[in-house]
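Secondary and tertiary structure notes
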Amino acid sequence: MKKTLLLTLFTTILFATSVFIIIQQFSDTVTGPSEKYIEDQSVESFIGSIAENARDIASKHDLYASVMIAQAVLESNGGTSDLSSPPNNNLFGIKGSYKKQSVTFQTSEDNGTGQMHQINAKFRKYPNYKASLEDYADLLSKGVSWNTKYYQKTFKSKTNSYKEATKYLTGTYATDTNYHQKLNSLIKQYHLTQYDHAAKEKKQVVVQSGETLNSLSNKYGVAITSIKQWNRLNTNAVENGQKLLIYQ
């Protein structure tokens, strides 16, 4: 009788363990694609996820959306850094807390003698990308505690082009002496000045058999990178019958 009870107990435990393993594997499978999407997402897809919010927010704050987006790309490594990824959503590396929410990361800082050392610092944690964009715009609009006009030379009304804004951010927002050159390069590569103006009329087109991003680019007179941004494409591949948005 005791042997039978022990055998039954052992069988029950073995079955429960197997079920737990299966559930755990299923859970991993469910969460996997979301994480992989962040890792594999193209820069264009990332830009597409923030561009329209950046356009609206920059316009309201007298800022260049092109510069804002370029900074987000550079500071977040195209939206793939741990700090910029959910649930942190900090696109600009801004330290401190946001509505009492923060996250701690190890970062490098100059010790005052030109030597870099590692420290643990608190960074603002946002509920979504839009909140991060708005907080960044608010920072540039209001400046810093010791100088409310600190970032005014980045305003559209105070500059002749985005290049003046990026030049001013070098040495103020970032200590990297090549910061403006990196931002200018991103703005040019991804045609980001399109977001410094009101959105053009958009229409939906259907990919025909044999059409490619290159042929669509020539057909509608728009850049390939723009098509990828507008449609948040992660690759250059398009399929027959696929619907795409085109701004003209």
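Now for a description of the structure that goes with this document. (Residues numbered from 1 in each chain as written. Predicted model: local features only at pLDDT ≥ 70, side-chain atom pairs only at ≥ 80, totals over all residues. Heavy atoms only, no water.)

Looking only at helix α5 (residues 162–169), the buried set comprises Y162, A165, T166 and L169. The buried residues of α5 occupy an angular sector of 95 degrees when the element is viewed end-on, so they sit on one face. Remark: G171 follows α5 within two positions and exhibits a positive phi of approximately 95 degrees. (Buried < 20%, exposed > 50% of the residue type's maximum accessible area, 1.4 Å probe, protein only. Helix = DSSP H or I, 4+ residues; strand = E, 2+ residues; numbered from the N terminus. Arc of directions from axis to C-beta.)

Quick look at the nonpolar core now. In this structure, M68, I69, F92 and Y173 are the most contacted members of the largest nonpolar core, which totals 57 residues. Of all the secondary-structure elements, those providing two or more residues to this core are α2 (43–60), α3 (65–76), α4 (129–142), α5, α6 (179–189), α7 (213–220), α8 (224–231) and β4 (243–247). (Core = buried A, V, L, I, M, F, W, Y, C linked by side-chain atoms within 4.5 Å.)

With that settled, consider unusual backbone geometry. Excluding glycine, residues mostly have negative phi values, and the peptide bonds linking residues are mostly trans. Residue P87 is bonded to the preceding P86 through a cis peptide linkage, with omega at 10 degrees. When you line up the elements, P87 lands in the loop between α3 and β1 (102–110).

Let us look at α3. Spacing of three or four residues puts side chains on the same side of an α-helix, whose turn is 3.6 residues. In this model α3 runs 16 Å from its N-terminal to its C-terminal C-alpha over 12 residues, within 8% of the 16 Å that 1.5 Å per residue would give. Burial analysis of α3 places 10 of its 12 residues in the buried class, the great majority of the element. Of all the positions in α3, only A65, S66, V67, M68, I69, A70, Q71, A72, V73 and S76 are classed as buried. For α3, the secondary structure elements touched by its buried residues are α2, α4, α5 and α6. (Expected span 1.5 Å × (residues − 1). Contact = heavy atoms within 4.5 Å.)

For the rest of this paragraph, the subject is the packing of aromatic side chains. Aromatic ring pairs are described here by two measures, namely the spacing of the ring centres and the angle between the planes. Going through the model one piece at a time under the given rule, you end up with 10 aromatic pairs. Aromatic side chains F105 and F123 sit 6.5 Å apart centroid to centroid with 70 degrees between the ring planes, which places their arrangement in the edge-to-face category. Separated by 18 residues along the polypeptide, F105 in strand β1 and F123 in strand β2 (residues 116–124) bring together distant segments of the chain. Aromatic side chains Y151 and Y173 sit 6.3 Å apart centroid to centroid with 55 degrees between the ring planes, which places their arrangement in the tilted category. Placement of the pair is Y151 in the loop between α4 and α5 and Y173 in the loop between α5 and α6, with a sequence separation of 22 residues. By the burial criterion, Y151 is buried, and Y173 matches it. (Phe/Tyr/Trp six-rings, centres within 6.5 Å; stacked < 30°, edge-to-face > 60°.)

Secondary-structure assignment places Q194 in the loop between α6 and β3 (202–206). For Q194, a relative accessible area of 22% corresponds to the partly exposed category. Linking Q194 and R55, residues 139 residues apart in sequence, is a C-alpha distance of 9.2 Å. In contact with Q194, not counting residues within four places along its chain, are R55, S226, Q229 and W230. Looking at Q194, its side chain comes within polar contact range of the side chain of W230, at 3.1 Å. (Polar contact = N/O pair within 3.5 Å; in protein donor to acceptor, adjacent residues only side chain to side chain.)

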